[in-house]
Every structure is written in C-alpha cells, then in structure tokens.
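Structural features, examined
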Amino acid sequence: MKNKSMGINTICTHIGEVKDEQYKGAISPLFMSNSYAYENVEVSRYPRYFNTPNQEALCKKIAALEKTEAGLILSSGMAAVSTALLAYLKKGDHVVVQQTIYGGTYNFIVEEFPKYGIEYDFTDGFLEEDFKSKIKKNTRVIYVETPSNPLMKITDLTMISRLAKDNGLISLIDNTFASPINQTPIDFGIDVVIHSATKYLGGHSDICAGAIASSQAHIDQIWNLAKNLGGSLSEYAVWLLERSMKTLALRVRAQNNNAKIIAEWLTENPLVSQVFYPGLKSHPNHSIAKKQMNGYTGMLSFELEKSINGKTFLNSLRLIKPSMSLAGVESTILAPSKASHALLGEEERKKQGISEGLLRLSVGIEDSDDLILDLKQAFTKSN
Ligand SMILES: *Cc1c(COP(=O)(O)O)cnc(C)c1O
C-alpha cells in the first residue's frame, strides 16, 4: 500500500500490516517462528536479523510515520540509542552531545565510551555556538534530543542539520518526546531518528522497545552492528507494538490538547512559579517549536511555589500516578530531582535549571477537567 496521500491515522492503522492470506483475518497474524525455510537469499529470516514477518511490517509503519526509507525495531530505547551511536563511532572518534539528554543515554556515554576510546563533549547550551564550539577535527556525530527532558527545551533542527552537513557529521536525534506525530526530523535534514518505543509509540505503559528510522543506507549500516549486538525485540512485543501504534495519532493529539489546557491552567495558578511547555507563548523556545513541531506533546513541567510541600502534593494526587516512565494513556508525574535526574547530583542539576520543586507531568488521555480537579485538590492539601 502506498502512503503518499494517506492521512496520518490511516498510516497508523494500515501501513505495514501482515496480510492474513490463510484466514483473511482483519489484523496482522503473529508469526512466532524463529526458523524459516532457507530461501536461497543472502540473509534468511531470523529474529536477530530483524527480518521476521512481524518485524518487517512494523519497520514499515515506523518508516512511514517518520517519512524515511527504512526503519529498525529494537528491544529497548537504549538498544536503539547505543546501537545507533556505536554504528558511527570507533576508537579515536569524537561526538558532540547536547547538554541535557535522557539519563540512560548520558550514563551510556560517560560509562562506556572511555572503554572504547571514543571521545565526547557535552554542549554548554542549546544554541548554534554551543554546538559549533565543541566540534573538533575528529568529530563524527552530533547528537540531540528535542524537546528535552525535563524542561522541554527546544533545539533548532535546521541549525543542527546545517552544522552537521557543513562539518561532514552524521546527525542523530532522540525523537521520543515529540513522537512522529508532533515532529518528523527528516523534514529538517536530520540523518537518523531514534525512539524509545516504550513511550509514545507503545503508549500503554506495557512494552519496552526501541526504534530507528532513516535512509536505507543508514539503516543498513546500523543493522550491520545491530545483528552483532543482538538487541532484537520478541515477536509478541513487536505484534503488541503494531497494535498500539494504530492509535498513536489519536492518543498523541488527545495528549497534546490536554497538556495545553493544563499548561495554561498552571500558568494562572499562583502556587506555581514557572511552567515549561513549548506550546506556551511564554516558553523561551516557542518560536522554534512552532517552526519544527506539529503539536507540542503531552509532556510539561512546572515548579511549585516554596510554600507548597512537594511530597504532600505528590502523595495527595489520586488520578495522576507517580511514575518514572512517561507517555502512557494514563497521566503520570515525577520530581526529576528525586527520580529521573537524581544521579546527576545537585550541582549539575542546578547548572541545568532543574530545581527541587520541579515536577514533570506526562499528560494522558483522561478528561482534562478531571486532571485539573485532581491537581486542584492536591494544591489545597499541600499549601
Ligand atoms: C525512556 C527514554 C529512553 C530509553 O528508552 P528505554 O526504552 O527505557 O530503553 C531514551 N530516550 C528518551 C528520551 C526516553 O524518554
């Protein structure tokens, strides 16, 4: 099926389906086989070769959504991040990494890269000169994440891709927070798009998976390493992910709408000192966000006034659950300083602007009135 003129919901529902030729069932059958007849081709079908029927089908859906030629599904977001980075880096190479990135990616770089003799520099900020000043002779890769966790800072994708092209670098983006519904980085010239499918692509807080989308040539290069590292996803999880992604655009758009309503409500709340949501005109990067995003995601963060007891606030919430993960259909919340960014240490958190009173809210698909009522009663109890 061609997707040139297809709407996003049709792509989510139909692209990459496995046809049930035997029984004509309405959905993709699940092929659990790890052994297939040798077809006299170079690479026969095998789960760790990422080419079983269900994997192939789901890769097509991801690629269609990210508007790329090809895709790859992996066993976790970190499998996608680590495989993509290592596919382009070898001993003596250097990578420029955006200052604020997902904690697991940060750990992967600082704990593992020295073992392989790969050099790295984190930028001091999000602007062109912050990236440019870190590029060296041996730089091969530029790595960004936008919007970034937890302050929803926006990196200009056109600027990054131009910088990469001018300096002969491969540009990689972690597009997890935006999802392909809100942002397709290929449109701006970014080379490789990475997802933790554990988040929006899965969307129901029940799958751990990762994805990569890019040109066929890039996916071939990444595949060469991926088959050696072995981070393929089980067929059952692949099938579940395909099912989840049928409602991706419906879910994400509902989450965008809810987050906007809540962000605006929080802005008006005297017990909140600051709200970080790229959809707000007051967000320092709103104009870049507007240029490169179709929606502003279901993620936002806000800072409690000093008079609010943060612990009591979190414990008082009834509908919104405390959770490390994000992007599920149910709303979840965490205090980055105590959870996702606890390992960074106080000083580094301060440098990045992550205060003790900061809360990160992942807005779900519940009715926004109910979410606001829940926040309201928690404010009352903790003030
Ligand atoms: C969760 C997350 C990851 C890692 O994904 P896993 O599926 O947990 O391995 C990477 N990047 C971002 C932005 C994330 O939120």
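Residues numbered from 1 in each chain as written. Predicted model: local features only at pLDDT ≥ 70, side-chain atom pairs only at ≥ 80, totals over all residues. Heavy atoms only, no water.

1. Looking at the pairing of strand E4 (residues 139–145)
As a general feature of sheets, a regular strand has side chains that alternate between the two faces. Among the 7 residues of E4, 6 are classified as buried, and the element is accordingly described as predominantly covered. Here strand E2 (residues 94–97) runs beside E4; their pairing, made up of 4 bridges, is parallel. Paired with Val96 across the two strands is Ile142, which belongs to E4. The pairing of E4 with strand E5 (residues 170–174) spans 5 bridges and is parallel. (Buried < 20%, exposed > 50% of the residue type's maximum accessible area, 1.4 Å probe, protein only. Helix = DSSP H or I, 4+ residues; strand = E, 2+ residues; numbered from the N terminus. Pairing = 2+ DSSP bridges.)

2. So, the pattern of salt bridges
Counted under the stated rule, the structure contains 15 salt bridges. For Asp93, the salt bridge goes to Arg140, with nearest N and O atoms at 3.4 Å. Placement of Asp93 in the loop between helix H3 (77–88) and E2 and of Arg140 in strand E4 is noted, with a sequence separation of 47 residues between them. The exposure class of Asp93 is buried, given its relative accessible area of 3%. The exposure class assigned to Arg140 is partly exposed, which follows from its relative accessible area of 33%. Residues Lys115 and Glu112 are paired through a salt bridge, measuring 2.9 Å at the closest nitrogen-oxygen approach. (Salt bridge = Lys/Arg side-chain N within 4 Å of Asp/Glu carboxyl O.)

3. Remarks on helix H8 (residues 216–229)
Look at H8: 20 Å from first C-alpha to last across 14 residues, which is about the 20 Å you get at 1.5 Å a residue. Of all the bends in H8, the greatest measures close to 25° and is centred on Trp223. Against strand E1 (70–74), H3, E5, strand E6 (192–196) and strand E7 (210–214) lie the buried residues of H8. Just downstream of H8, Gly230 is the residue with a positive phi angle, here 85°. (Expected span 1.5 Å × (residues − 1). Bend = angle between axes of the 7 residues up to and from the residue. Contact = heavy atoms within 4.5 Å.)

4. Description of the domain arrangement of the chain
For the chain, the assigned domains read domain 1 (28–245) and domain 2 (248–382). Computed over C-alpha atoms, the centres of domain 1 and domain 2 are 26 Å apart. Each partner contributes to the interface: domain 1 provides 35 residues, whereas domain 2 provides 40 residues. Regarding the contact of domain 1 and domain 2, the summed buried area is about 3100 Å², with carbon and sulfur atoms giving 57% of it. Per-residue buried area on domain 1 facing domain 2 is highest for Leu151, Asn182 and Tyr200; these three make up 24% of the total on that side. Counting across the interface, domain 1 meets domain 2 through 1 salt bridge. (Domains from an automatic or database assignment. Buried area = accessible area lost by both parts, 1.4 Å probe.)

5. Things to note about the site of the ligand
Around the ligand sit 13 residues in total, of which Gly77, Met78, Asp174, Thr198 and Lys199 are the nearest. Asp174 places a polar side-chain atom, nitrogen or oxygen, 2.6 Å from a nitrogen atom of the ligand. Contacts to the ligand include Lys199, whose side-chain N or O atom sits 2.7 Å from an oxygen atom. Relative to its free-state accessible area of 390 Å², the ligand is covered by the protein chains to the extent of 92%. Taken together, the residues that form the shell around the ligand break down as 5 nonpolar, 5 polar and 3 charged. (Near = heavy atom within 4 Å. Polar contact = N/O pair within 3.5 Å; in protein donor to acceptor, adjacent residues only side chain to side chain. Areas by Shrake-Rupley, 256 points an atom, 1.4 Å probe, with all protein chains shown as cover. Nonpolar A, V, L, I, M, F, W, Y, C, P; charged D, E, K, R; others polar.)

6. A look at helix H2 (residues 53–66)
Counted at 1.5 Å a residue, the expected span for H2 with its 14 residues is 20 Å, and the 20 Å between its end C-alpha atoms agrees. Most of H2 is tucked away: 12 of the 14 residues are buried. Within the sequence span of H2, burial applies to Pro53, Asn54, Gln55, Ala57, Leu58, Cys59, Lys61, Ile62, Ala63, Ala64, Leu65 and Glu66. Phi turns positive one or two residues past the end of H2, at Lys67, with a value near 60°.

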